[in-house]
Structures are given as structure tokens and as C-alpha cells.
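Structural overview
So the chains spell out like this:
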Amino acid sequence: MRFILSVRSLLFALVLLAISAASSAQIGVGISIRIAPPELPVYEQPICPEDGYIWTPGYWAYGDEDYYWVPGTWVVAPEVGYLWTPGYWGGDGDDYVFHEGYWGTEVGFYGGISYGYGYFGHGYEGGRWDNGHFDYNQSVSHVDVSISHNVYNTRVEDNTRGNRVSFNGGNGGVQVRATNQEEAAGRGKHIAPGAAQTAHVESARANPELRSSANHGKPPIAATSKPGAFKEPGAVAAKEGGTVHTAPASSANNTARPTNETTRPNTETARPANETLRPAAAASHPSADTNRPPTESARPSPAVHARDLPPAEHFAAPNTGNAKQDQKYQQQQQRLQVQQVNERQKLQTKQEQDHQRIPQQPANEPKQQKLEQVHQQQTQQLAEKHTQQQQQLQQRQQPASHQPAPKPAEKTKPAGR
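Here's what I pulled together on the structure shown here. Note that the structure is a prediction, hence the values are computed from the model and not measured.

Reading the values: the criteria
Residues numbered from 1 in each chain as written. Predicted model: local features only at pLDDT ≥ 70, side-chain atom pairs only at ≥ 80, totals over all residues. Heavy atoms only, no water. Pairing = 2+ DSSP bridges. Helix = DSSP H or I, 4+ residues; strand = E, 2+ residues; numbered from the N terminus. Phe/Tyr/Trp six-rings, centres within 6.5 Å; stacked < 30°, edge-to-face > 60°. Buried < 20%, exposed > 50% of the residue type's maximum accessible area, 1.4 Å probe, protein only. Lys NZ or Arg CZ within 6 Å of the ring centre and 35° of its normal. Contact = heavy atoms within 4.5 Å. Axes fitted to C-alpha atoms, helices over the stretch in contact; angles between N-to-C directions. Parallel < 35°, antiparallel > 145°, perpendicular 65-115°, else oblique. Nonpolar A, V, L, I, M, F, W, Y, C, P; charged D, E, K, R; others polar. Salt bridge = Lys/Arg side-chain N within 4 Å of Asp/Glu carboxyl O.

Structural notes on the sheet that holds strand S12 (residues 127–130)
Judged by pairing direction, the sheet is mixed, and its three strands sit side by side in the order S12-S13-S14 without closing on themselves. Looking at which strands have only one partner, the edges of the open sheet turn out to be S12 and strand S14 (151–152). Relative to strand S13 (residues 133–137), S12 is paired through four bridges, and the arrangement is antiparallel. When the sheet's bridge partners are listed, Trp 129 is paired in S13 with Phe 134.

So, the packing of aromatic side chains
With the rule as written, the count across this model stands at 18 aromatic pairs. Pairing Trp 89 with Phe 98 gives two aromatic rings, centres 5.1 Å apart and planes at 55°, and the pair type is tilted. Just as Trp 89 is buried, Phe 98 falls in that class too. Taking 5.9 Å as the distance between ring centres and 80° as the angle between the ring planes, the aromatic pair formed by Tyr 110 and Tyr 119 counts as edge-to-face. By the ring-pair criterion, three or more aromatic residues cluster together here, those being Tyr 43, Trp 55, Trp 60, Trp 69, Trp 74, Tyr 117, Trp 129, Phe 134 and Tyr 136. Across the ring face of Tyr 152, the terminal group of Arg 128 is positioned such that the distance to the ring centre comes to 3.7 Å.

Looking at the sheet that holds strand S16 (residues 223–224)
The strand order across the open sheet formed by three strands is S2-S5-S16, and the pairing between neighbours is mixed. At either end of the open sheet lies a strand with only one pairing partner, and these are strand S2 (53–56) and S16.

Re unusual backbone geometry
Its identity is not glycine, yet Asp 64 carries a phi of approximately 55°, on the positive side. Locating Asp 64 in the fold gives a position in the loop between strand S3 (59–63) and strand S4 (66–70). Accessibility expressed as a relative area gives 30% for Asp 64, which makes it partly exposed.

Description of the environment of Gly 81
As for its placement among the helices and strands, Gly 81 is situated in the loop between strand S5 (72–76) and strand S6 (83–85). For the pair Gly 81 and Gly 104, spaced 23 residues apart in sequence, the C-alpha separation works out to 8.2 Å. Those residues in contact with Gly 81, other than ones at most four positions away along the chain, are Gly 104, Thr 105 and Trp 129.

A look at the environment of Pro 37
Looking at where Pro 37 falls in the secondary structure, it is placed in the loop between strand S1 (29–33) and S2. Taking the C-alpha atoms as reference, Pro 37 lies 7.0 Å from Tyr 67; in sequence the two are 30 residues apart. Contacts of Pro 37, omitting those with residues within four sequence positions, involve Trp 60, Tyr 67, Trp 89, Tyr 96, Ser 166, Phe 167 and His 245.

So, the packing of helix H6 (residues 323–357) against helix H7 (residues 365–397)
At a minimum axis distance of 11 Å, the contact between H6 and H7 shows a crossing angle of 175°. With respect to their mutual orientation, H6 and H7 come out roughly antiparallel. For the contact of H6 with H7, the class distribution of residues is six nonpolar, 13 polar and seven charged.

Some details on the pattern of salt bridges
According to the stated counting rule, one finds eight salt bridges in the structure shown. Glu 44 is the salt-bridge partner of Lys 239, the closest N and O atoms lying 2.8 Å from each other. With Lys 239 in the loop between S16 and strand S17 (257–258) and Glu 44 in the loop between S1 and S2, this pair connects stretches of sequence that are 195 residues apart. Judged by relative accessible area, which is 42%, Glu 44 ranks as partly exposed. For the salt bridge of Arg 205 with Asp 64, the shortest nitrogen-to-oxygen distance reads 3.3 Å. One end of the pair, Arg 205, is in helix H3 (residues 195–206); the other, Asp 64, is in the loop between S3 and S4, and 141 residues separate them in sequence. Bridged by salt links that share partners, the residues Asp 64, Arg 205 and Arg 211 form one connected network.

See the structure below:
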């Protein structure tokens, strides 16, 4: 099991890994890296399992210093009338920034990326809501009419066929901008990915076979019938892989780093503890190595809001040598992750409602400052609580990860007694 950071280290990392909450066109922004995501693989869409499920396409996510494939899957909409806007990678100068997907009453901008199966760059052609139930377009969505009775058939012209580029803008990306309708959808009411979707992503991240370095752009699990159903009959493999890009020659360090869509955090004064001071910087700061380490003089402030917290610390895959025990431990980890995601989303919603009750006006500045202090305390308490839960779970699982010590041999009675 991997060592869990202390609360103090976690709070330090919160600022370094802070994620932007929202923008006018997308609900949130994740990490930014220097390596372009691989091309999209080709795969068959599994059959829709039941009425009310909406297709969410697969995509390349980034974590643990590698891209990994998040299989496409059918997901129950959080509310009647809501549609899924997929996440997408966007070129930002030399960086590639991921924009998180979200649920909304209209499909917003997803980079003009052709994910297929109804997501051909703009909108969604795989189905539509009608009087409280979801109808499926048979010409686009793979449905069984004996299971899904609400169907129609409308031919859709796919002008992006054969284009498997997975990012917008930048060098070689899709050169498409958001329409006025998509921008309006981005400003509308959104619902973040649900617990099942989040657990689906975490399961993909924990699966070494889904990393691009292992599958070379052709994931063995490209899509599933339901979230997390990686080993069930509905799971399908990619038929054809995509190009995996390498780091640009001009970049010596291509590791992921946080990004913020509205304002970039000043990371120059808050470097990680394991980063050494460059010679030039040391010359201009002669006192940096006198009494305390460089990071002590540049301690960042803790996260203020729940939306600023980074993704939950990733658990190492259980490897006790007992397959049944490993499965049990992994289920415990996933349950904790889902629970923590729900708590974070609940706190984020509450904090956003607090801000709506106090409009941004000069007369309200004292109230706003007090509210920010309350929000910072709530966020820190939640972060500490989640860290303790992770530590406790790993402590419970740690002893069983090693072979138990052999029991002392029982004393035998002397013969003849």
C-alpha cells in the first residue's frame, strides 16, 4: 500500500493541484500537460441495457503520468430532460487542458470532437427526450427494440467520419469554436458527473491495461454496457487503435500540472518540496537556504472552496496474492471514493448557494469575507476528514496485504499419556 500524505502535505498540495470550478462554456477544467492526447480508438457501441440510459462516449483522461482510456458507457440521466455534454481536451498554447463534461438541459460545446454514436462535434443525435421519456435514434444508437420500445429512425450525416483527433485547437487539433447556442448551454444549469460515473473513471484509472503506454492507443476495454462493468458480457474491445503522441522535443518536463480557466495560479512562490531551486533563482535569493527550506517561506493558503479540491488521492491497486481478498479491498476503496465524491459535491453545491444569496456588491463585502472564512473552514475540515478516512482504510487493509506470520507449533503430549 502506498503511503498517504499527511494533512499538512495534503493542504499544501491542494493549492498546487487546484482545479477551476466553472467557465462560461464548461463546468470545470482539470489538468494541463504538454503531451497531446492519443487519437480516439474505433469500437462498437454496446447495446443500450434499459430505457432511460444515455450514451456517454469514451475519452482519454490523464493520471499517474500517463493517459488512460475511460470506456464509453450507458448512464442513467440524473434528471428527466437532461443530456450529457462530453468533456474534451483543448489546446492552450503549448499545453493541453481538459474540460470536464456535465449534464444539462442542452448539449454544450465539447470541442467539435467527433466521439461518434450521436456525438459528431455539435449536439447529440443519438436520441431525444419526449414527454418525460427518452427516445433512441436507431440509425445512430445501438438499441434492442425488445428492450427499448421508444425508438425512431432519422438518418444523420456524419461529416467528420474518419477524423479521430481527440483535442480542439493547438497544433493538429480540431479547429472549431463554440456556437452561440453552445455558449448559452454552457452558462445554463449544470449537474456534475454522478457517483457511478466518477467510480467508472476511477476504475479505469486503476486498470493498468487501459493506460496508453500499455495498450498503445488500442484499449482492451473500449466501452461497457453500464458504468464499471469492465468484465461483464457487454464490454467490448477497440477494433482499431489510434496514434499515441510523444512529448515535444523542446520540453524537458512534460508532467501534468494544474490549470485554471480564468486565472492561472502563481506557482512560482509555491513549488513542490522535491523541486530544487534553479541556480539563477538561488543567486537572486541568497537567504533561501539560511534558516528554513524554500517551501517554508512560500507556504500557499489552503483551498477555500470544495470546488478547489483536487481529485481524491488514488489508491494503489490491492495485491495481496488472494484474488478474492483483492476484489473485496477494491470494492471497499471504490465505496469510499464514491462516498467522498458525493460529500464534496454536496458541499460544493451548498457553498455555491451561499454565494448566490449574497450578491457581489460593495455593500456586502463584510458578509462575503465572513462567508469565505466559513467556506475555508468547511473545506479544510472535509479535506482532513477524507484524508483520515483514507488512512484508516489503508491501515485496515495493510496487515492483510502481507502473509500472516506462521502460528507457533502446538505442543504435543508425550507418547503414552
